[in-house]
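Residue-level listing of the chains:
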Amino acid sequence: MTTNNESLIEYPSAFPIKVMGLKTDHLVSAITHIAHQFDPTFDASTIELRPSTGGKYLGVTITVTATSREQLDELYRTLSTHPMVKVVL
């Protein structure tokens, strides 16, 4: 059993995050901007894009360098509250 202070993630580590939102011209740039706020070393060339079958939504996978649980929590919170984002996994 783990306590609240223990983490299954070793820091620092490459941590993929999947973000889904409506396919718009600015979705990827908004996600990239947020990723850079939390990981100054974020490499936008590693972004993976996957459009939905119907083409209405876009899945964006970013890989950030996770340095702490707090960083990841705040990154998830920031992405989740962005108006263009529907789901963060």
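Preceding block: the structure.
Residues numbered from 1 in each chain as written. Predicted model: local features only at pLDDT ≥ 70, side-chain atom pairs only at ≥ 80, totals over all residues. Heavy atoms only, no water.

## What to know about the environment of Ala 14
- Within the fold, Ala 14 resides in strand 1 (residues 13-22).
- Judged by its relative accessible area of 61%, Ala 14 is exposed.
- Through-space distance from the C-alpha of Ala 14 to that of Ala 66 is 6.2 Å; in sequence the pair is 52 residues apart.
- Dropping the residues within four chain positions of it, Ala 14 is found in contact with Thr 63 and Val 64. (Helix = DSSP H or I, 4+ residues; strand = E, 2+ residues; numbered from the N terminus. Buried < 20%, exposed > 50% of the residue type's maximum accessible area, 1.4 Å probe, protein only. Contact = heavy atoms within 4.5 Å.)

## Remarks on the nonpolar core
- With 19 residues, the main nonpolar core has Ile 17, Val 19, Ile 31, Val 60, Ile 62, Val 64 and Leu 79 as its most contacted residues.
- Elements represented by at least two residues in this core include exactly strand 1, helix 1 (27-38), strand 3 (57-66), helix 2 (69-80) and strand 4 (85-88).
- The dominant element in this core, judged by the number of residues it contributes, is strand 3, at 5 residues.
- For Val 19, the contacting residues outside a window of four places in its chain are Ile 31, Leu 58, Gly 59, Val 60, Leu 79, Val 85, Val 87 and Val 88. (Core = buried A, V, L, I, M, F, W, Y, C linked by side-chain atoms within 4.5 Å.)

## Quick look at the side chain of Asp 39
- Inspection of the secondary structure puts Asp 39 in the loop between helix 1 and strand 2 (48-51).
- Although Asp 39 lies buried, it forms no salt bridge, and the closest oppositely charged side chain, Arg 69, sits 17 Å away as judged by the N-O distance.
- Polar side-chain contacts of Asp 39 include one of 2.8 Å to the backbone nitrogen of Thr 65.
- Leaving out residues up to four positions away in the same chain, Asp 39 has contacts with Val 64, Thr 65 and Gln 71. (Lys, Arg positive; Asp, Glu negative; His and termini not counted. Salt bridge = Lys/Arg side-chain N within 4 Å of Asp/Glu carboxyl O. Polar contact = N/O pair within 3.5 Å; in protein donor to acceptor, adjacent residues only side chain to side chain.)

## What to know about helix 2
- A rise of 1.5 Å per residue sets the reference length of helix 2, with its 12 residues, at 16 Å; its end C-alpha atoms lie 16 Å apart and thus fit the reference within 8%.
- If you check which residues of helix 2 are buried, you get Gln 71, Leu 72, Leu 75 and Leu 79. All buried residues of helix 2 project into a common sector of 95° when viewed along the axis, lining one side.
- Each element contacted by the buried residues of helix 2 is listed here: strand 1, helix 1, strand 3 and strand 4. (Expected span 1.5 Å × (residues − 1). Arc of directions from axis to C-beta.)

## Let's talk about the sheet that holds strand 1
- Pairing is antiparallel in the open sheet, where 4 strands are placed in the order 2-3-1-4. Each edge of the open sheet is held by one strand with a lone partner, namely strand 2 and strand 4. On average, adjacent strands in this sheet sit at an angle of 25° to one another, irrespective of strand direction.
- As paired strands, strand 1 and strand 4 are joined by 3 bridges and run antiparallel to one another. Bridge pairing in strand 4 links Val 19 to Val 88.
- Across the face of the sheet, helix 1 comes into contact with strand 1, strand 2, strand 3 and strand 4 while running at roughly 15° to strand 3. (Pairing = 2+ DSSP bridges. Axes fitted to C-alpha atoms, helices over the stretch in contact; angles between N-to-C directions.)

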